[in-house]
Amino acid sequence: MTRGGPVIAVDGPAAAGKGTLARRLAEALDLPYLDTGLLYRAVGRLALDAGQDPAQPAERFAEALMPADMRRKDLRTPDVALAASKVAAQPAVRAALVETQHRFATERGAVLDGRDIGTAIFPDADVKLFITASSATRALRRFLQSGGDPTAADAQTRLREMEEALHARDEADASRESAPLRVADDAHVIETDTLDAQAVLAEALRVTRERLVAVRG
Ligand code: DC
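The model shown is predicted, which means the values in this text are computed figures rather than measured ones.

Conventions and cut-offs
Residues numbered from 1 in each chain as written. Predicted model: local features only at pLDDT ≥ 70, side-chain atom pairs only at ≥ 80, totals over all residues. Heavy atoms only, no water. Helix = DSSP H or I, 4+ residues; strand = E, 2+ residues; numbered from the N terminus. Rg over C-alpha atoms; globule rule 2.2 N^0.38 Å. Buried < 20%, exposed > 50% of the residue type's maximum accessible area, 1.4 Å probe, protein only. Areas by Shrake-Rupley, 256 points an atom, 1.4 Å probe, with all protein chains shown as cover. Lys, Arg positive; Asp, Glu negative; His and termini not counted. Charge placed at Lys NZ, Arg CZ, Asp CG, Glu CD. Pairing = 2+ DSSP bridges. Near = heavy atom within 4 Å. Polar contact = N/O pair within 3.5 Å; in protein donor to acceptor, adjacent residues only side chain to side chain. Salt bridge = Lys/Arg side-chain N within 4 Å of Asp/Glu carboxyl O. Expected span 1.5 Å × (residues − 1). Bend = angle between axes of the 7 residues up to and from the residue.

Enquirer: Could you give me a rundown of the overall build of the protein, with the residues and numbers involved?
Expert: On a plain count of helices and strands, the protein comes out with 10 helices and five strands. For a compact globule of 217 residues, the expected C-alpha radius of gyration is about 17 Å, and the protein comes in at 17 Å, within 12% of that figure. With 217 residues in all, the protein has 48% of them scored as buried. Only carbon and sulfur atoms are counted for the fraction: they give 54% of the accessible area of the protein, which is about 10,800 Å². Treating the 29 positive side-chain charges of the protein as one cloud and the 33 negative ones as another, the clouds have centres 3 Å apart.

This is the structure in structure tokens:
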């Protein structure tokens, strides 16, 4: 595949900090950035809007997906995340979204974050990063990001519910037959439990620069 710049794959489970890292990495390297989760979220949203169970065949929504569908403000809710995970398990939905992802990186290369970027979409990516953290850490981050108060009386209950929801979605994403979430053999894994966003970026930049020199000479 001829491309105008490097492809950097950032994969990992839900709420591991992939989005923050991938956006900052793209800025630092002056590359376009694509959050591929938004593709599946937008398809899940369209299925829900049509009154359809997202587990039912949804490729017609993926085939008709427009850029404006991905810019909607209502894609970050828990029900849309679940719907995204369900449509994402359908091979026909995944197939309909491959071309968009390839095209995105053609002109200048790109940083893409998702679940299968380094394993299925760009197995020849120049750099593959796998970002992960324990489900407790990821639930806490999600809780704080969504404005949760850790001192509130129901904080422990809400945290437990969030952790369960994240865990269930990870299980679904990792156990599906079509392009499941898994670490690519040649990926560099970054565990972020004890790292802040700045430290994750520094480590990702170090690995990326090292690999780009190795690949391009
Ligand atoms: O990254 P996210 O939480 O926005 O992704 C939402 C869902 O979309 C996720 O549970 C699985 C699916 N997804 C996928 O299967 N492949 C990708 N490359 C990105 C997301």
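Enquirer: So what about the pairing of strand β1 (residues 7–11)? Which residues, and what values?
Expert: Judged by how many residues are buried, β1 sits mostly within the fold: five of five residues are covered. Residues V7, A9 and D11 line one face of β1 and the alternating positions I8 and V10 line the opposite face, and both faces are buried. Bridge count for β1 against strand β3 (residues 110–114) is five bridges, and the pairing is parallel. When the bridges of β3 are listed, V7 appears paired with A110.

Enquirer: Go over the site of the ligand, please, and point to the residues and values.
Expert: If you check the shell around the ligand, you find 14 residues, and the closest are R41, R115, R169, D173 and R176. Taking R94, its side chain carries an N or O atom lying 2.8 Å from an oxygen atom of the ligand. One of the side-chain N or O atoms of R176 is found 2.8 Å from an oxygen atom in the ligand. Relative to its unbound accessible surface of 440 Å², the ligand loses 97% to contact with the protein. Secondary-structure elements contributing two or more residues to the shell around the ligand are α2 (37–49), α5 (78–88) and α9 (155–175).

Enquirer: Now, about the pattern of salt bridges: what can you tell me, with residues and values included?
Expert: Any two side chains of opposite charge can pair, on the condition that their charged atoms come close. By the definition in use, this model includes 14 salt bridges. Notably, a salt bridge pairs R108 with D30, separated by 3.7 Å at the nearest N-O pair. Linking R108 in the loop between α6 (91–106) and β3 with D30 in the loop between α1 (18–29) and β2 (33–35), this pair joins segments that are 78 residues apart in sequence. Classification of D30 as exposed rests on a relative accessible area of 58%. Put simply, R176 and D173 hold a salt bridge, and the shortest N to O gap is 3.7 Å. On the basis of relative accessible area, R176 is assigned to the buried category, the value being 8%. Counted as one network, the salt bridges with shared partners bring together R45, D49, R72 and D74.

Enquirer: Explain α6 residue by residue, including any values.
Expert: A rise of 1.5 Å per residue sets the reference length of α6, with its 16 residues, at 22 Å; its end C-alpha atoms lie 23 Å apart and thus fit the reference within 8%. Of all bends in α6, the biggest is about 30 degrees, found at L97. For α6, the full list of buried residues reads V93, R94, L97, Q101 and A105.

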